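Inside the fold
Take a look at the letters that make up each chain.
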Amino acid sequence: MKSDLQEDLHFRLCVMLAFQSMITDGSKTEDAAERIIELAKTINEFCDLHIPKAFPLATAHFVNDVGASKIDNAILQHIEKLRTKGTTQLPEDRETLIQFYDRLQQRKSRRLQWQFYATAKEEKLADLVLHLLDEEIEDMNAEGIQ
């Protein structure tokens, strides 16, 4: 959900694009301001409909596990060392290595899924969520968890 400030900035950008379009077109009529506002509204509506499909990572809100940002920062430091020096010294303790591996798997999965999120219909997402919930129940039953 966009904040009021985000909506204002988004609409202002639409007005600028509409204004540029009208000026480029050579339209300098008395009703140009009204036409610019109408075009801006159309651009804004188009963006509301299609931007979430084109840029799902910007619109999808993922669960942020406690401590994920700390792990992400540590991972980023290792990435930078690998880029600049070609080597890095990973932590040696098992718990931290598991946290790194788990977080990197989550990030990889999200990168691979972005296109699916952009095009999946709500019904498909609901079906997949129900399927995963059923798997959770099956796993809990297999483990004897009530």
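Look up: the structure comes first, before these words.
Right, let's walk through the structure included here. What you see is a predicted model; the values in this text were computed from it and never measured.

Our focus in this paragraph is the overall build of the protein. Looking only at helices and strands, the protein has 6 helices and 0 strands in total. Along the protein, helices (α) and strands (β) appear in the sequence α-α-α-α-α-α when read from the amino end. Here the protein, with 146 residues, has 14% of them falling under the buried criterion. In the protein, the share of contacts with a sequence separation of at least 24, taken over all contacts with a separation of at least 6, comes to 56%. Summing over all exposed atoms, the protein offers an accessible surface of approximately 12,200 Å²; the carbon and sulfur share of this is 58%.

Further remarks concern a negative patch on the surface. Together, D134, E135, E136, E138, D139 and E143 give the surface a local cluster of negative charge. Along the chain, the position of D139 falls in helix α6 (residues 122-143).

Within the fold, D72 resides in helix α4 (residues 68-85). In this structure the C-alpha to C-alpha distance between D72 and L104, which are 32 residues apart in sequence, comes to 8.6 Å.

As a packed pair, α4 and helix α5 (residues 94-119) sit with axes 10 Å apart at the nearest point and diverge in direction by 90°. Here α5 runs roughly perpendicular to α4, going by the angle between their axes. For the pair α4 and α5, the contacting residues are A68, I71, D72, A74, I75, H78 and I79 in the first and Q99, F100, R103, L104 and R107 in the second. Its residues assigned to classes, the contact of α4 with α5 comprises 7 nonpolar, 2 polar and 3 charged.

So, about the nonpolar core. By size, the foremost hydrophobic cluster in this structure holds 5 residues: C14, A18, M22, I36 and A40. Breaking this core down by element, the ones donating at least two residues are α1 (4-25) and α2 (32-54). Once residues lying within four places of it in the same chain are set aside, the contact partners of C14 are A40, I43 and N44.

What counts, and where the lines are drawn
Residues numbered from 1 in each chain as written. Predicted model: local features only at pLDDT ≥ 70, side-chain atom pairs only at ≥ 80, totals over all residues. Heavy atoms only, no water. Helix = DSSP H or I, 4+ residues; strand = E, 2+ residues; numbered from the N terminus. Buried < 20%, exposed > 50% of the residue type's maximum accessible area, 1.4 Å probe, protein only. Contact = heavy atoms within 4.5 Å. Areas by Shrake-Rupley, 256 points an atom, 1.4 Å probe, with all protein chains shown as cover. Patch = residues over 30% accessible without salt bridge, like charges linked within 9 Å, V, L, I, M, F, W, Y side chains within 5 Å. Salt bridge = Lys/Arg side-chain N within 4 Å of Asp/Glu carboxyl O. Lys, Arg positive; Asp, Glu negative; His and termini not counted. Charge placed at Lys NZ, Arg CZ, Asp CG, Glu CD. Axes fitted to C-alpha atoms, helices over the stretch in contact; angles between N-to-C directions. Parallel < 35°, antiparallel > 145°, perpendicular 65-115°, else oblique. Nonpolar A, V, L, I, M, F, W, Y, C, P; charged D, E, K, R; others polar. Core = buried A, V, L, I, M, F, W, Y, C linked by side-chain atoms within 4.5 Å.

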